[in-house]
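# Summary of the model geometry
Next come the chains, spelled out residue by residue.
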Amino acid sequence: MIIPIKSSILNYQIVLEKDILYKAKEYLNLNCKVLIISDDNIPNTYLEIIKKQCLNPFVYLITAGEKSKNITNYQKIISFMMSHHFSRKDAIVALGGGVVGDLSGFISATYMRGITFYNIPTSLLAQVDSSIGGKTAIDFHNYKNIIGAFKPANMVLIDPNTLKTLDIRQLHAGLVEVIKMALTCDSSLFEIIEKSEDLFYDIDFIIYKALLIKKNIVEQDEKENNIRKVLNFGHTIGHAIESYFDMTLLHGECVGLGMLYMMPNDLKERVIKILKKYNLPTTIDFDIDKLLKLIYLDKKSIDNKIDIVFVKEIGTYEIRNIKISDLKNYLKGEIPS
Ligand SMILES: NC(=O)c1ccc[n+]([C@@H]2O[C@H](COP(=O)([O-])OP(=O)(O)OC[C@H]3O[C@@H](n4cnc5c(N)ncnc54)[C@H](O)[C@@H]3O)[C@@H](O)[C@H]2O)c1
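What counts, and where the lines are drawn
- Residues numbered from 1 in each chain as written.
- Predicted model: local features only at pLDDT ≥ 70, side-chain atom pairs only at ≥ 80, totals over all residues.
- Heavy atoms only, no water.
- Helix = DSSP H or I, 4+ residues; strand = E, 2+ residues; numbered from the N terminus.
- Rg over C-alpha atoms; globule rule 2.2 N^0.38 Å.
- Buried < 20%, exposed > 50% of the residue type's maximum accessible area, 1.4 Å probe, protein only.
- Contact = heavy atoms within 4.5 Å.
- Areas by Shrake-Rupley, 256 points an atom, 1.4 Å probe, with all protein chains shown as cover.
- Lys, Arg positive; Asp, Glu negative; His and termini not counted.
- Charge placed at Lys NZ, Arg CZ, Asp CG, Glu CD.
- Pairing = 2+ DSSP bridges.
- Axes fitted to C-alpha atoms, helices over the stretch in contact; angles between N-to-C directions.
- Salt bridge = Lys/Arg side-chain N within 4 Å of Asp/Glu carboxyl O.
- Right-handed = clockwise from strand over helix to strand, strands pointing away.
- Near = heavy atom within 4 Å.
- Polar contact = N/O pair within 3.5 Å; in protein donor to acceptor, adjacent residues only side chain to side chain.
- Nonpolar A, V, L, I, M, F, W, Y, C, P; charged D, E, K, R; others polar.
- Expected span 1.5 Å × (residues − 1).
- Core = buried A, V, L, I, M, F, W, Y, C linked by side-chain atoms within 4.5 Å.
- Domains from an automatic or database assignment.
- Buried area = accessible area lost by both parts, 1.4 Å probe.

### With respect to the overall build of the protein
- Across its full length, the protein carries 13 helices and eleven strands.
- In terms of overall dimensions, the protein is globule-like: its C-alpha atoms have a radius of gyration of 20 Å, near the 20 Å expected for 337 residues.
- Counting across all 337 residues of the protein, residues that qualify as buried make up 55%.
- Once local pairs closer than 6 in sequence are excluded, the contacts in the protein between residues at least 24 apart make up 71%.
- Total accessible area computed for the protein in this model is approximately 15300 Å², and 50% of it derives from carbon and sulfur atoms.
- For the protein, the centre of its 41 positive side-chain charges and the centre of its 40 negative side-chain charges are spaced 5 Å apart.

### Topic: the sheet that holds strand β5 (residues 91–96)
- Read from one edge to the other, the open sheet built from seven strands follows the order β1-β2-β9-β6-β5-β3-β4, with strand pairing classed as mixed. Across the chains shown, the open sheet's two edge strands, defined by having one partner strand only, are β1 (2–5) and β4 (56–62). When strand polarity is set aside, the average angle formed by the axes of neighbouring strands in this sheet is 20 degrees.
- Direction of pairing for strand β2 (residues 12–16) relative to strand β9 (residues 155–158): parallel, over a ladder of four bridges. Counted as the bridge partner of Q13 is M155 from β9.
- Helix α4 (residues 98–110) contacts β3 (33–39), β4, β5 and β6 (116–121) of the sheet and is inclined by roughly 165 degrees relative to β5.
- Across the sheet, helix α8 (residues 199–220) is in contact with β1, β2 and β9; its angle to β1 comes to roughly 15 degrees.

### So, the pattern of salt bridges
- All chains considered together, the criterion is met by 20 salt bridges.
- As a salt-bridge pair, K69 and D102 come within 2.9 Å of each other at their nearest N and O atoms. Of this pair, K69 sits in the loop between β4 and α3 (71–83) while D102 sits in helix α4, and the two are 33 residues apart along the sequence. The pair K69 / D102 is uniform in exposure class, with both members buried.
- Here K180 ties to D129 by a salt bridge, and the two come within 3.4 Å at their closest N and O atoms. Of this pair, K180 sits in helix α6 (residues 168–185) while D129 sits in helix α5 (residues 124–130), and the two are 51 residues apart along the sequence. By the burial criterion, K180 is buried, and D129 matches it.
- Several salt bridges converge on common partners, so that one network encompasses E66, K69, D102, D139 and K144.

### Notes on the pairing of β4
- Of the strand pairs in this sheet, β3 and β4 are connected by seven bridges, and their pairing is parallel. The partner of I37 across the bridge, within β4, is Y60.
- Traced from β3 through helix α2 (residues 44–52) to β4, the parallel crossover comes out right-handed.

### Details of the site of the ligand
- With respect to spatial proximity, 25 residues lie near the ligand, and among them E66, G98, T122, S123 and T165 are the closest.
- Interatomic distance of 2.8 Å between a side-chain N/O atom of D39 and an oxygen atom of the ligand.
- At a separation of 2.8 Å, an oxygen atom of the ligand approaches a polar backbone atom of G98.
- The fraction of the free accessible surface of the ligand (870 Å²) that becomes covered by protein chains is 88%.
- Mapped by element, the contributors of at least two residues to the shell around the ligand are α4, α5 and β8 (143–150).
- Counted by class, the shell around the ligand contains seven nonpolar, ten polar and eight charged residues.

### Examining α6
- Between its first and last C-alpha atoms α6 spans 26 Å; for 18 residues at 1.5 Å apiece the expected length is 26 Å, and the two agree.
- For α6, the tally of buried residues reaches 14 of 18 residues, placing the bulk of the element in the interior.

### Some details on the nonpolar core
- Among the nonpolar cores identified, the biggest contains 92 residues, and L35, L183, I193 and L327 are the most heavily contacted of them.
- When residues of this core are assigned to their parent elements, the largest contribution, nine residues, is made by α8.
- Among all residues touching L327, those that are not within four sequence positions of it are T236, I237, M262, L292, I295, I306, I308 and I322.
- Of all hydrophobic cores here, the second largest spans 22 residues; its members include A24, C32, V93 and Y118.

### Structural notes on unusual backbone geometry
- Despite not being glycine, D19 has its phi angle at roughly 65 degrees, a positive value.
- Structurally, D19 is set in the loop between β2 and α1 (24–27).
- What makes D19 partly exposed here is its relative accessible area of 36%.
- Its identity as a non-glycine residue notwithstanding, N279 has a phi of 55 degrees, on the positive side.
- One can find N279 in the loop between α11 (265–277) and α12 (288–296).

### Quick word on the domain arrangement of the protein
- Domain annotation of the protein identifies domain 1 (2–165) and domain 2 (168–331).
- Domain 1 and domain 2 are separated by 25 Å when their C-alpha centres are compared.
- Taking both sides of the interface into account, the surface hidden between domain 1 and domain 2 amounts to around 2500 Å²; carbon and sulfur atoms contribute 67%.
- The tally of links between domain 1 and domain 2 comes to four salt bridges.
- Residue K214 pairs with D129 through a salt bridge whose shortest N-O separation is 2.6 Å.
- Where domain 1 touches domain 2, the interface holds ten residue pairs in polar contact (both at pLDDT 80 or more).
- Looking at side-chain class alone, the side of domain 1 that touches domain 2 contains 16 nonpolar, five polar and six charged residues.

Here is the structure:
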């Protein structure tokens, strides 16, 4: 399945197909120097499959995990490319999850003012979310994604079969981003996830539907001036929970919890059932004032106010600009209508 994405920077395509890894060179120009950036947790077989298709492959492995999305790795990889005389005619392939994709994308945006970038996302989160829409970034001084650029990949290849090796907890955490899109934008996708009895059986269609939602959003609002904010549903409280618990919970797990504070009780019951089905947390204890302090540090807050996304009915959403202090009511379950 080919999904074209329009962007003011570059129109590109997403190709979604099982085992497309083996056919990468049919879609990507690999007849140049190719730097494959991956992490040390991605199965080596994937790396070998891509490497074999490149005329002149180079590999750079980072340590798996968010901590690797940093300026030191950025500098090391740029130095590596310089020492191997990479030019603008060459290419970078990101092979991995959102960490590899965001870092590789940012390098490709800035090396020689821009070099070809192909993204082969292998985690569910990366397949449905981070590989589309052109956001690339690294973290700096404990601030996530504080240095970055808009740089869509020239092509995105999604092979759902790679999810078979993904840790099940990571898979389920990635599914939260799909539930987020379904809750805000597509009630039919919500019902598919709700009724699904075998996630692997349904996953291709679920990825496809999620990609269509994200396509629709980023094509209308590439730089997040208005509707792209809907993708932050669950994230304001989710990010704070992530920091509160010192990153011991996965991002998707925290977003799932964060979403629950942003919907009425009847809907919450339905969402909790789905989260439980995938062993995702549905309750967590924290000190509300301490959590609020973390939300004041959120880089999306302006003058102690923040945009939050609220879902009253599945497939619809409201963006509310509220005082951060008023979030206390949401956290207590006393939600203003
Ligand atoms: N650019 C965007 O629009 C955007 C959107 C959402 C999230 N993000 C970013 O994405 C990152 C999170 O991405 P993530 O959840 O993919 O985390 P990740 O990249 O850390 O991957 C999670 C883990 O899964 C492993 N993994 C990935 N694919 C695998 C596979 N097929 N088989 C076995 N192991 C595999 C990785 O090695 C890693 O250990 C964060 O840095 C976040 O800021 C970016």
